[in-house]
Amino acid sequence: MKLLVTGAAGFIGSTYVRLVGDEHEVVVLDKLTYAGRRENLPEDIDLVVGAIEDPAVVREAMEGCDAVVNFAAESHVDRSIDDQDAFARTHVVGTGVRLDAARELGIGRYLQVSTDEVYGSIESDSFTETSPLDPSSPYSATKVAGDLLVSAHVHTYGIEASIVRGSNNYGPRQYPEKLIPLMVLNAIHGDSLPVYGDGRQVRNWLFAEDFCRGIHTVLMNGRSGEVYNVGGPDECENIEVVKRVIELTGANESLIEYVKDRPGHDRRYSLASDKLRNELGWEAQVHFAEGLECTVQWYRDNEDWWGPIRSGEYREYYEKQYGKALG
Ligand code: NAD
Ligand code: DAU
């Protein structure tokens, strides 16, 4: 198959391209925002640099493709609280533009990569695909809008599309604004480890390669009009994640600093993945302990990847977000 993969210069999209690139022909469309990096992709990849909300660029990139997989997004909740414009443009307008192009070009299959955050927070038990949508942040609210547009295009125009909702991903090449790579790099540098609120929030950790295997399974065998949850095998409180990072890096616990909580912070995410497991045979292969160890080692070994990030736009973002300079 020839696949158009949008947003593949980012963390999960580049993991996906690495997973399926030998088996399928891949064209990448990516705007290369602060989170999209050319060096995340194989050198010989067919890369179109452009925005998913630009109809002409999208049509040209999509022409001749058999399927579209969409990763393109503004992915950081904290940034959406600060300024939601790019989130609405990319998640809502961008999804609409791609769906229109897919319909006009008669694309056989469309897959929307979405998030467990569309369901909001859950105290006990786990969300299934039929749980109500109850987003808390501008990030998750605009992701809901994108998901609903996909369902509307299936219903109204009969396009072949599915939605995949993943829990918190981690692994190599994740931009260090997110909890795990931020803590790993700060711990390596002896910088403070900023824990929001009481640190007792729970996330459902999923190794990015496992998510990508789930995404590809749904692309190839999922039913159109259906949603599939892809949850990680392990849940963990944030403070526990930070302590494990400290252990793996040999840093000192005194680096932990409790800081002001994120506004509207969701307390717990938890996804039931029984539908994907029972219908399509997917199973997570990497447990958190093993995946975290391998992720910490990757950051230790790849300073050429994160070195330029820590000295660029990220430094300004960090100061604005945390009110202090990196050490
Ligand atoms: P990321 O921020 O690392 O990468 C996003 C990519 O999208 C970047 O390459 C960026 O340049 C590109 N992009 C952004 N706006 C664009 C636009 N308007 N046009 C073209 N390209 C654009 O994100 P990620 O963590 O890899 O997330 C990928 C997808 O997976 C997103 O849809 C996200 O909502 C979803 N998701 C993420 C997680 C997670 O834990 N990171 C979990 C579940 C679902
Ligand atoms: O659940 C899936 C979602 O996971 C994805 O849809 C998002 O794209 C992705 O960013 C992620 O969202 P979170 O908000 O859960 O991830 P983040 O890494 O920003 O934060 C994880 C938890 O850690 C959360 O409870 C906030 C907390 N945190 C985060 C940062 C950056 C801290 O305590 N300190 C920090 O400095």
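Here the structure is a predicted model, which means the values were calculated and not measured.

**Q** Please give an account of helix H2 (residues 55-62) that cites residues and values.
**A** The complete set of buried residues in H2 reads Val58, Ala61 and Met62. Buried residues of H2 fall within an arc of 95° about the axis and therefore sit on the same side. Opposite the buried face of H2, by more than 90 degrees, sit the exposed residues Ala56 and Glu60. For H2, the elements touching its buried residues are strand S1 (2-6), strand S2 (25-30), strand S3 (46-49), strand S4 (67-70) and helix H4 (85-105). Where H2 begins, one side-chain oxygen reaches toward the backbone nitrogen of alanine 56, 3.1 Å away; that side chain belongs to aspartate 54. Backbone geometry just downstream of H2 places glycine 64 in the positive-phi region, at approximately 85°.

**Q** Residues and numbers for the site of ligand 2, please.
**A** Around ligand 2, the surrounding shell holds 22 residues, and the nearest of these are Thr115, Asp116, Tyr139, Arg262 and Tyr322. Measuring from an oxygen atom of ligand 2, one finds a side-chain N or O atom of threonine 115 at 2.7 Å. With respect to ligand 2, the side chain of histidine 265 contributes an N or O atom lying 2.7 Å from an oxygen atom. Coverage of ligand 2 by the protein amounts to 95% of the 680 Å² it exposes when considered alone. Counting residues per element, the shell around ligand 2 draws most heavily on strand S8 (residues 193-196), at three residues.

**Q** Could you give me a rundown of the site of ligand 1, with the residues and numbers involved?
**A** Looking at ligand 1, there are 30 residues lining it, with Ile12, Asp30, Ser75, Tyr139 and Lys143 nearest. A distance of 3.2 Å separates an oxygen atom of ligand 1 from a polar atom in the backbone of phenylalanine 71. Within the contact set of ligand 1, a nitrogen atom lies 3.1 Å away from a side-chain nitrogen or oxygen of threonine 90. For ligand 1, the accessible surface in isolation is 840 Å², of which the surrounding protein chains cover 97%. Within the residue set of the shell around ligand 1, elements represented by two or more residues are helix H1 (11-20), strand S5 (109-115) and helix H5 (138-157). Looking at which element gives the most residues to the shell around ligand 1, the answer is S5, with three residues. Taken together, the residues of the shell around ligand 1 sort by class into 13 nonpolar, 13 polar and four charged.

**Q** Talk me through the pairing of S8; I want residue IDs and the actual numbers.
**A** By the alternation rule, side chains of S8 split into Leu193 and Val195 and Pro194 and Tyr196, which are all buried. Relative to strand S12 (residues 256-259), S8 is paired through four bridges, and the arrangement is parallel. Residue pairing in the sheet places tyrosine 196 in a bridge with valine 259 of S12.

Cut-offs applied
Every residue gets a number counted from 1 within its own chain, in the order that chain's sequence is written. The naming scheme follows written order: chains are lettered A onward, ligands numbered 1 onward. This being a predicted model, a pLDDT of at least 70 is required before a residue's local features are given, and a value of 80 or more before pairs of side-chain atoms are given or counted; all residues contribute to the totals for chains, interfaces and linings. Hydrogens and waters are ignored; side-chain quantities use all the structure's heavy atoms. Here the term buried applies to any residue with accessible area under 20% of the maximum for its type, exposed to any over 50%, and partly exposed to those in between, with areas from a 1.4 Å probe on protein chains only. The helix and strand labels rest on DSSP assignments: H or I over at least four residues marks a helix, E over at least two residues marks a strand, and numbering proceeds from the N terminus. Taken from the helix axis, the directions to the C-beta atoms give the arc we talk about. Any pair of residues with heavy atoms lying within 4.5 Å of one another is described as a contacting pair. By the criterion applied in these results, polar contacts are pairs of N or O atoms within 3.5 Å in which, for protein atoms, one can donate a hydrogen and the other can accept it, and in which residues neighboring in sequence qualify only through two side-chain atoms. The criterion for a residue being near a molecule or strand is simple. One of its heavy atoms has to lie within 4 Å of it. Surface accessibility follows the Shrake-Rupley procedure with a 1.4 Å probe radius. Residue values consider only the protein chains on display as shielding. Amino acids are sorted into nonpolar (Ala, Val, Leu, Ile, Met, Phe, Trp, Tyr, Cys and Pro), charged (Asp, Glu, Lys and Arg) and polar (every other residue, Gly among them). We call two strands paired when DSSP finds no fewer than two bridges between them.

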